[in-house]
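Letter by letter, the chains look like this.
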Amino acid sequence: MWRRGRPHGDLALGEILPPHVISVSHLGKSYGSTVAVDDVSLEIQTGEIFGLIGPNGAGKTTTMECVAGLRKSDQGTISVLGLDPRRDASALQQRIGVQHQEAQLQKRIKVWEAVDLWSTLYPRVVDTQELLDRLGLEAKRNAKFMTLSGGQKQRLFIALAMIHDPEVLFLDELTTGLDPQARHAIWGLVRGIRERGKTVFLTTHLMEEAERLCDRVAIIDHGRLVEVGTPAALVAKYCPERSVVFTSEGTDAAQRLAAVLSVQSAESEGYTHTLRGEGDDFVTQVIHVIAREGIQVKGFRTEVPTLEAVFLKLTGHGVRD
């Protein structure tokens, strides 16, 4: 609910949202002799959660800050909601929300005081009481910042970024350092933001977070984009292998299956057997042959590659902290 005026995200009759909320072409940024962002081009669609993923120091934050108009790029063109972040910075800041990776507030400021202060920065803001309630902070409105848990602080920063109901939300390493329970709670909040028709551009070095949360991701390393796509499509393209692990009292079960299946490898360690192969129907084929051969199975599980496996294959190293 708005205090006054029409929300920035509301469409007038006949208005059509552009297919790409964010368009970046040949973005470059250097600090002296250090190239932080090197010829990055990407497009982010309306209403999606888009993740820029990679290790710390890969150029994620610099890219996001240039796109959000918080840092001036050295080269390239950027369009956010049809605006140039450099030329139209003032107008853009009214339509986007930003959560910073290293954000902090005064230790003794209360939650309601922070929200009230941020409300003065915009000509139109949402119903702040409803916002705090939606983010699970209503019970903490009188709490001082220094007494909040890590997850509560991050929810407060989301509230401050959303106070003017922005059309695009920028989230930089939102859940780094949080415990699993707090991380999952934040993920739920971000999904809720998208369900309200907003576009989310986030950075993370947590591959599980990107895989569970993002509609599409762009892998960046040493300032350069390596690949862009949905998590599932990237896994299918670069790591199509599947593994089946099962237990059976027969010590030759893996070899029996390998003799009639197209497999990459077959291994047995005691009564535990592992088969590796490719294709969407590999697991189904294994199950059919197990049944046909009459092999008694006591335990069965499948293993599929993850985004981290894709990252390792594309960059030649694991995720760096």
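For every chain, the first residue of its written sequence is number 1, and the numbers climb from 1 along that sequence. Predicted model: local features are reported for residues with pLDDT of at least 70 only, side-chain atom pairs are reported and counted for 80 or more only, and whole-chain, interface and lining totals are derived from all residues. Excluded from the side-chain calculation are hydrogens and water; included are all heavy atoms of the structure.

A. View of the nonpolar core. Residues Leu105, Leu156, Ile158 and Val190 are the most contacted members of the largest nonpolar core, which totals 51 residues. When residues in this core are grouped by element, the largest group, seven residues, is from helix α5 (residues 150–162). Any two residues having at least one pair of non-hydrogen atoms within 4.5 Å are treated as being in contact. Dropping the residues within four chain positions of it, Val190 is found in contact with Ile49, Leu171, Leu174, Val200 and Leu213. With 27 residues, the next largest nonpolar core counts Leu27, Val37, Ile78 and Ala218 among its residues. Nine residue types can take part in a nonpolar core, namely buried Ala, Val, Leu, Ile, Met, Phe, Trp, Tyr and Cys, and a core is a set of them joined through side-chain atoms within 4.5 Å. Only protein chains enter the area calculation, which uses a 1.4 Å probe; residues under 20% of their type maximum are buried, those over 50% are exposed, and those in between are partly exposed. Strands are runs of DSSP state E lasting at least two residues, helices are runs of H or I lasting at least four, and both sets are numbered from the N terminus onward.

B. Looking closely at a nonpolar patch on the surface. Residues Ile287, Val297 and Phe300 make up a contiguous nonpolar surface patch of about 230 Å² in total accessible area. With respect to the helices, strands and loops of the structure, Phe300 is situated in strand β13 (residues 299–303). What goes into a patch is any residue over 30% in relative accessible area without a salt bridge, connected to like charges within 9 Å or, for nonpolar side chains (Val, Leu, Ile, Met, Phe, Trp, Tyr), within 5 Å. Only the protein chains shown count as cover for residues, and the accessible areas themselves come from Shrake-Rupley with a 1.4 Å probe. Should a side-chain nitrogen of Lys or Arg be within 4 Å of a carboxyl oxygen of Asp or Glu, the pair is scored as a salt bridge.

C. Representation of the packing of α5 against helix α6 (residues 180–195) within the structure. For the pair α5 and α6, interaxial distance at closest approach is 10 Å and the crossing angle is 15°. When the axis of α5 is compared with that of α6, the two are roughly parallel. For α5 against α6, the interelement crossing comes out right-handed. For the pair formed by α5 and α6, the contact residues are Gly151, Gln154, Arg155, Ile158 and Met162 on the first element and Ala182, Ile186, Leu189 and Ile193 on the second. Note on residue classes: Ala, Val, Leu, Ile, Met, Phe, Trp, Tyr, Cys and Pro are nonpolar, Asp, Glu, Lys and Arg are charged, and everything else, Gly too, is polar. Its residues assigned to classes, the contact of α5 with α6 shows six nonpolar, two polar and one charged. Think of each axis as a best-fit line through the C-alpha atoms, taken over the contacting stretch in the case of a helix, with angles from 0 to 180 degrees between the N-to-C directions. Our angle categories are set so that under 35 degrees counts as roughly parallel, over 145 as roughly antiparallel, 65 to 115 as roughly perpendicular, and the remainder as oblique. With the far helix as reference, a near helix turned anticlockwise by less than a right angle produces a left-handed crossing, and one turned clockwise produces a right-handed crossing.

D. Examining the packing of aromatic side chains more closely. A pair of Phe, Tyr and Trp rings is counted when the ring centres sit within 6.5 Å of each other, with Trp represented by its six-membered ring. The angle between the planes then sorts it: under 30 degrees is stacked, over 60 is edge-to-face, the rest tilted. Tallying each qualifying case throughout the model produces three aromatic pairs. Taking the centre distance of 5.9 Å and the plane angle of 70° together, the rings of Phe50 and Phe201 count as edge-to-face. With Phe50 in strand β3 (residues 49–53) and Phe201 in strand β7 (residues 199–204), this pair connects stretches of sequence that are 151 residues apart. Considered together, Phe50 and Phe201 belong to a single accessibility category, that of buried residues. Each member of the aromatic cluster is reached from another via a ring pair, and the members are Phe50, Phe170 and Phe201.

E. Structural detail: the environment of His222. Inspection of the secondary structure assignment puts His222 in the loop between β8 (216–221) and β9 (224–229). For the pair His222 and Thr251, spaced 29 residues apart in the sequence, the C-alpha separation amounts to 47 Å.

F. Helix α1 (residues 60–67), seen in detail. Most of α1 is tucked away: seven of the eight residues are buried. Of all the residues in α1, the buried ones are Lys60, Thr62, Thr63, Met64, Glu65, Cys66 and Val67. Immediately downstream of α1, the backbone of Gly69 shows phi near 80°, a positive value.

G. How the structure looks around the sheet that holds strand β4 (residues 75–80). A pair of strands is treated as paired once DSSP finds two or more bridges between them. Across the sheet, which stays open at both edges, the three strands sit in the order β2-β1-β4 with antiparallel pairing between neighbours. Only two strands of the sheet have a single neighbouring strand rather than two, namely β2 (34–45) and β4. If you compare each strand with its neighbour and ignore which way they point, the axes differ by 15° on average. As paired strands, strand β1 (residues 20–31) and β4 are joined by five bridges and run antiparallel to one another. Each residue of the ladder has a partner; that of Ser25, found in β4, is Thr77. Against the sheet, α1 makes contact with β1, β2 and β4, and its axis sits at roughly 120° relative to β1, the strand it touches most.

H. Broad picture of the pattern of salt bridges. Using the criterion set out here, one finds 21 salt bridges in the structure. With a shortest N-O distance of 2.9 Å, Arg224 and Asp38 are connected by a salt bridge. With Arg224 in strand β9 and Asp38 in strand β2, this residue pair connects regions lying 186 residues apart in the sequence. Classification of Asp38 by relative accessible area gives partly exposed; the value is 28%. Residue Arg196 is joined to Asp165 by a salt bridge in which the shortest nitrogen-to-oxygen separation is 3.4 Å. Here Asp165 lies in the loop between α5 and β6 (168–172) and Arg196 lies in the loop between α6 and β7, a separation of 31 residues in the sequence. Accessibility expressed as a relative area gives 8% for Asp165, which makes it buried. Taken together, the salt bridges that share partners define one network made up of Asp84, Arg86, Arg87 and Asp88.

I. Structural view of the pairing of β8. Burial of β8 is extensive: six of the six residues sit out of reach of the surface. By the alternation rule, side chains of β8 split into Arg216, Ala218 and Ile220 and Val217, Ile219 and Asp221, which are all buried. Where β3 and β8 come together, four bridges link them in parallel fashion. Each residue of the ladder has a partner; that of Phe50, found in β8, is Arg216. Pairing geometry for β8 and β9, over five bridges, is antiparallel. Of the residues in β9, the one forming a bridge with Asp221 is Arg224. Hairpin connection from β8 to β9: two residues lie between these consecutive antiparallel strands, with His222 at a positive phi of about 55°.

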